[in-house]
Structure formats: structure tokens, C-alpha cells
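Each chain is listed here by its residues.
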Amino acid sequence: MASSFKPELVEMPIGHWIGDRLIIDSSGIELQRPSDGINYASCPLGGPEIVDQAVSTAKAALKTSGWGMRRPRERTEVMHRWADFIVAEGEKIGQLESISSSRPIAQSVSIDVAVTAEQIRFFAEMADKEGGDVVPTDGNHLGMILSEPYGVVGAITPWNVPVSMAGWKMAPALAAGNAIVLKPSELTPFSTIYIAQLAIKAGIPAGIVNVVLGDGMTTGASLIAHSDIAKVSFTGSTLAGGAIMKKIASTQIKPMTLELGGKSPQIVFPSADLKVAARCIAGSIMLNAGQTCVAGTRLIIDQRVSGEFMGLLAAAMTSYHAGPTWDATSNYSPVISAHQIARIETIVDAAVSEGAEAIIGGKRMDRDGYFYEPTILSGVEKDSPALVEEIFGPVITVQTFGDEEEAFELSDHPTYGLAAGVFSKDLSQAMRAVKRVEAGTVWVNRYGRSRDHILPTGGYKASGIGKDLGKEAYKSNRRLKSVLIEI
């Protein structure tokens, strides 16, 4: 169980992790703690030279260590040791995570660190269980489909759940035999640096795991455009994902996996257990103060039960306890930055000025840091940014429907298709919804991932290309080679 701590006593690993050492660099981007707005550290701004050093180191390490050509079970065993170290150092990782991010320490340790270790173990076990095929061919031929690692994978992760997102990218790439150069968000870089250090401690060869710090415009752009990066994996906004696609198209064509934004609907039918639905929906929007790509931000509810449900939802959303991320009793997060909370205020204020009603919330909390009240908006105009744009805050909109088809029409979003929730005790109705809703993941009578890492995640439409997690993520880090041998 995580305990409270004093953030000023935690030493930050400030620098780039390349090879087997921390390259100290304290100049760069000033960082503020979301819980109180106090400056606490600087994030280095790595330029093309640092990126090239990391990529060159990774490429050389693949050759000298033979990581991608080792007996696959060796990769499995060393990755299990890495997961062991992550669990053992969970309190330290959680502290690094909580100071810079919006994740309360209790959730960082019990959820983020634990899940990251599980993800590493899941992909570690795939290293010796996924291979090529011998295939039937015409005549006296031997046909084979070989599966090989790409080489050096370039990855970019967001700020909302830093250590877990690093695990999403690192684990399948490494299990598949690649080296990786990862750029975490400049807002939350330090827990990722620490787990990279633990990878080397566990026995992953030096240079196979590298972390460069900096922003998207400088460091990220240099990373994805580097000629020795064979594949790109990115999680973040749709806008940034589009920019990455343009950059790759204009520099060097290479495969990419993009897990992007969402504006996920939650459909509540009259047969639903309303108490269960209220608890699940509140949890989806209150987790990390709505700062997750799959946050269920659009409630679509049958008009016959909307009145009763609003009371249940409001009670559930206001039951959370806000506090500094280093306070073990806190279970409600601050917003990540002054810029982000100002954006939330602008969107909500505009919706209210246009006639929407804030059933609860609707303003910044009166306390230190960047805390915003849990907010339910009803009567939102159909073209309002509150209903159309990804807010990334604790704000949920409400729309009502009269019949099933209207519910499905309201659920469709012109841009996004990442996730959706469906609440109904009618199995036939639930299955109709599962087939009809355009989303890469649909949860029924629950909302949010379980710890079943076999289930891939990724969106439809502008919510992404390819999948993270599941067998699909491992396979996306291997490339196929067809071989035909004349016998």
C-alpha cells in the first residue's frame, strides 16, 4: 500500500538515459507540480544530436548483444526479472510518477506500477510463442513466412499515465527482439527514466532501452524522422498523430502505430442497473480527472430514466476526495497544467453561455494547484466544443433518446471511435449495440480496461491506426518475410 510522502525529498533522475548511463542535463523546460503549481524541476530539451546518439547506441547494441537473435526464452526470462524490479521499486516509481503527473500516489502504485509489471510479463511470454509458418506451395517448393524484429523502434508516450504508457510501448517491442528509443512527455519524464534504469539492472543489454527527454517539436520530430528508426509507435492527441503521419510521409516511409484521441459515448438503456451504471460512468470520468483517452465523456440515456439517473451520477461523481498527488488519501486528480485547466474553463464557460446547464460543477476548485470540479453539462448544443472536442477533463455531457436507433445515431461521432460503454440487462439489445457502435473497444455493463492484456486497444476513424496490447501489439513489432526454396 502506498504511503504519503514529501515531494521535496524525492531525487529526480534528470537527464537522458542512453546505453547504460544517465546523461545529466538540467537545462530545458521548467516543470510545475499539478497539485500545487510549484516549480520543482527542469526537463532537458534533447535536440537532434541527443536523438542520434540514442538511436546509434540502440542500433549498435542490437548488433553487439544479439538481442533480436537470442533464444526467445532468454528474452522472456530477463523481462520477467525487469518486472520483478519494477514491483520491488513500486513505491519509488509511484513517487516519481505522482510528483510530475496527475496520478495520486495510491493509484500510481496499486494500479499503474502493478499493471506495467503485468504488461511486461504478458509480452515476455509471447517471445517464444509467436513465430513464422511453413506454408503449402506449388510443386517441389518449400514456402516459409519468417517473422523478424524491425530493429530500432521509436516511441512517444503521453503525460496522463506515464509509466503504464511506457510499458505499452517498451514491452512488446523488446519481447519481439527490437531495441527502443522512447520519448516520454516533457511534463512527466522521470518515472520512465527510472524504469529504463531498472531494465538494465535486470539484465537487458545496455543500449537496448534508451529514453530521450524533450518536447514534440524538437525531440519528437527528430526521433520519428531519424533514418535508423524502423517503426514508430505513438500515443497522444489526434492532432499530434496527424502531424506525425505528415512528418513520416515527408521524410522516410515507415510503419506506425497511432493510439489517438476519443470522445467516447456511454449509452444507458432503461433496463440497465442504474446504480451500477452510475458507479461505472462516474469512475470513467473521475479517473485521472477525465484525463484518459477512453474517458466516457458523452452520456446518452433513455429519457424515461434520465431524471433518476442524474441524481445517482451526481452523487457518485461528488463522492471523490481531491488532494495532492502525494497524499495517500486522495483519489481525485488535479488537471495536468495551468494551460489545460484554462482550456477546460474556456470550453465549459462557452457551453454554459450558449444555454447549457451545469448540473454539478462548472468551475475551478478553490484550492492550490490545478483542480477542476466534477462537471455534468446538459442541454449542450450539438456543435459545441463541449460535445464535439476531446476536453481531457472531468466533464461529461448528457443527451437523451427516445428509442434505440436514436441512441445509436447520437453515439456516432464524426471524428472519433476509440471506446464506448453500453448499459443494458437485455443481452440481445447489448449485442445489437456492440455491433452498431463504431468504436475499437466496447464495454458492456462496465467501463474501463480489466487486467486482461490479451485484449487489444485502439480506435476507429481518427482515433488511431493499429493496436496496443494483445497479440496484435507483439505482431506489429515484427515484420514478415516470405521465402520460397526450390527443392
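Just so we're clear, the structure is a prediction, and the values are computed from it rather than from any experiment.

Calculation notes
Residues numbered from 1 in each chain as written. Predicted model: local features only at pLDDT ≥ 70, side-chain atom pairs only at ≥ 80, totals over all residues. Heavy atoms only, no water. Helix = DSSP H or I, 4+ residues; strand = E, 2+ residues; numbered from the N terminus. Rg over C-alpha atoms; globule rule 2.2 N^0.38 Å. Buried < 20%, exposed > 50% of the residue type's maximum accessible area, 1.4 Å probe, protein only. Contact = heavy atoms within 4.5 Å. Areas by Shrake-Rupley, 256 points an atom, 1.4 Å probe, with all protein chains shown as cover. Lys, Arg positive; Asp, Glu negative; His and termini not counted. Charge placed at Lys NZ, Arg CZ, Asp CG, Glu CD. Core = buried A, V, L, I, M, F, W, Y, C linked by side-chain atoms within 4.5 Å. Pairing = 2+ DSSP bridges. Axes fitted to C-alpha atoms, helices over the stretch in contact; angles between N-to-C directions. Parallel < 35°, antiparallel > 145°, perpendicular 65-115°, else oblique. Left-handed = near helix turned anticlockwise from the far one by under 90°. Nonpolar A, V, L, I, M, F, W, Y, C, P; charged D, E, K, R; others polar. Phe/Tyr/Trp six-rings, centres within 6.5 Å; stacked < 30°, edge-to-face > 60°. UniProt positions renumbered as here; feature names shortened; annotations may be inferred. Arc of directions from axis to C-beta. Polar contact = N/O pair within 3.5 Å; in protein donor to acceptor, adjacent residues only side chain to side chain. Domains from an automatic or database assignment. Buried area = accessible area lost by both parts, 1.4 Å probe.

### Quick notes on the overall build of the chain
- Across its full length, the chain carries 15 helices and 22 strands.
- The C-alpha radius of gyration of the chain comes to 23 Å, within 12% of the 23 Å expected for a compact globule of 487 residues.
- For the C-alpha atoms alone, the extent of the chain along its principal axes is close to 70 × 65 × 45 Å.
- Within the chain, the fraction of its 487 residues that count as buried is 57%.
- Counting contacts in the chain only where the partners sit at least 6 residues apart, residues at least 24 apart contribute 74% of the total.
- Accessible surface for the chain amounts to roughly 19,000 Å². Of this, 54% is attributable to carbon and sulfur atoms.
- Side-chain charges of the chain comprise 45 positive and 53 negative groups, with the mean position of each set lying 5 Å from the other.

### Considering the nonpolar core
- Ranked by size, the top nonpolar core spans 84 residues in total, and within it Trp-82 and Leu-174 carry the most contacts.
- Apart from the residues lying within four places of it in its own chain, the contact partners of Trp-82 are Ile-120, Met-170, Leu-174, Ile-195, Leu-198, Ala-199, Ala-202 and Ile-204.
- In terms of nonpolar packing, the next biggest core, distinct from the first, is built from 33 residues, Ile-281, Val-305, Tyr-332 and Tyr-447 among them.

### Examining the sheet that holds strand β12 (residues 265-268)
- Taken in spatial order, the seven strands line up as β14-β15-β16-β13-β12-β18-β19 in an open sheet, and their pairing is mixed. Looking along the sheet, the strands with just one partner apiece sit at the ends: β14 (357-360) and β19 (441-444). Direction aside, neighbouring strands of the sheet carry axes that sit 25 degrees apart on average.
- Direction of pairing for β12 relative to strand β18 (residues 419-423): parallel, over a ladder of three bridges. If you follow Ile-267 over to β18, its bridge partner there is Val-422.

### A look at the sheet that holds strand β6 (residues 141-149)
- Reading across from one edge, β5-β6-β22 is the order of the three strands in this open sheet, with antiparallel pairing throughout. A strand with exactly one partner marks an edge of an open sheet, and here the two such strands are β5 (133-135) and β22 (478-486). Averaged over all adjacent pairs, the angle separating strand axes in this sheet is 25 degrees, with direction ignored.
- As paired elements, β6 and β22 share nine bridges and run antiparallel to each other.

### Description of the packing of helix α7 (residues 216-225) against helix α8 (residues 238-251)
- With their axes 9 Å apart at the nearest point, α7 and α8 run at an angle of 45 degrees to one another. Classed by the angle they form, the pair α7 and α8 counts as oblique. Crossing hand, α7 versus α8: right-handed. Across from Ala-221, Ile-224 and Ala-225 in α7, the residues of α8 making contact are Ile-244, Lys-247, Ile-248 and Thr-251.
- Grouping the amino acids of the contact of α7 with α8 by side-chain chemistry returns five nonpolar, one polar and one charged.

### Quick look at the environment of Ala-83
- Position of Ala-83 relative to the elements: it lies in helix α2 (residues 72-88).
- C-alpha of Ala-83 to C-alpha of Thr-116: the two residues are 33 residues apart in sequence and 7.9 Å apart in space.
- For Ala-83, the contacting residues outside a window of four places in its chain are Ala-117, Ile-120 and Arg-121.

### Here's the deal with the packing of aromatic side chains
- Under the counting rule described, the total for this entry stands at six aromatic pairs.
- Here the aromatic rings of Tyr-40 and Phe-190 are separated by 6.4 Å at their centres, their planes lie at 80 degrees, and the arrangement is edge-to-face. In this pair, Tyr-40 sits in strand β4 (residues 39-44) while Phe-190 sits in helix α6 (residues 190-202), placing the two residues 150 residues apart along the sequence. A single burial state applies to Tyr-40 and to Phe-190, both of which are buried.
- A ring pair is formed by Trp-159 and Phe-392, whose centres lie 5.4 Å apart and whose planes are at 85 degrees; its orientation type is edge-to-face. A residue pair is termed long-range when its members are at least 10 positions apart, and Trp-159 in the loop between β7 (152-156) and α5 (162-175) and Phe-392 in the loop between α12 (385-388) and β16 (395-401) qualify at 233 residues.

### Notes on the UniProt feature "domain: Aldehyde dehydrogenase" (unreviewed entry) in the chain
- Those residues carrying the UniProt feature "domain: Aldehyde dehydrogenase" (unreviewed entry) are residues 29-483 in this numbering.
- Secondary structure across residues 29-483 divides into 41% helix and 20% strand, with the first and last C-alpha atoms of the span separated by 50 Å.

### Quick look at the pairing of β4
- Of all six residues making up β4, five are buried, and the element is well covered by its neighbours.
- As defined by bridge partners, strand β3 (residues 28-32) adjoins β4 across five bridges and the pair is classed as antiparallel. Residue pairing in the sheet places Ile-29 in a bridge with Cys-43 of β4.

### Section: helix α13 (residues 404-411)
- Taken residue by residue, α13 has Ala-407, Phe-408 and Ser-411 as its buried positions. Along α13, the residues classed as buried sweep out an arc of 95 degrees about the axis, all on the same side.
- Where α13 is buried, its residues touch β12, β13 (298-302), β16 and α14 (427-436).
- Two or three places before Glu-405, at the start of α13, stands the capping residue Asp-403, its side-chain oxygen 3.3 Å from that residue's backbone nitrogen.

### Observations regarding the domain arrangement of the chain
- Assigned domains of the chain: these are domain 1 (7-260 + 463-486) and domain 2 (264-444).
- Every contact between the two is made by 26 residues of domain 1 and, on the other side, 28 residues of domain 2.
- Note on domain 1 versus domain 2: buried area summed over both sides is about 2,100 Å², and carbon and sulfur give 60% of it.
- Looking only at domain 1, the three residues that lose the most surface to domain 2 are Ser-35, Trp-159 and Ser-463, adding up to 26% of its buried area.
- On the surface where domain 1 and domain 2 come into contact, there are 12 residue pairs in polar contact (both at pLDDT 80 or more).
- Counting only elements with at least two residues in the side of domain 1 that touches domain 2, the list comes to α3 (90-100) and α4 (105-124).

### Here's the deal with the side chain of Thr-441
- Within the secondary structure, Thr-441 sits in strand β19.
- What makes Thr-441 buried here is its relative accessible area of 14%.
- Apart from residues no more than four positions distant in its own chain, Thr-441 is found in contact with Leu-418, Ala-419, Ala-420, Pro-456, Thr-457 and Gly-458.

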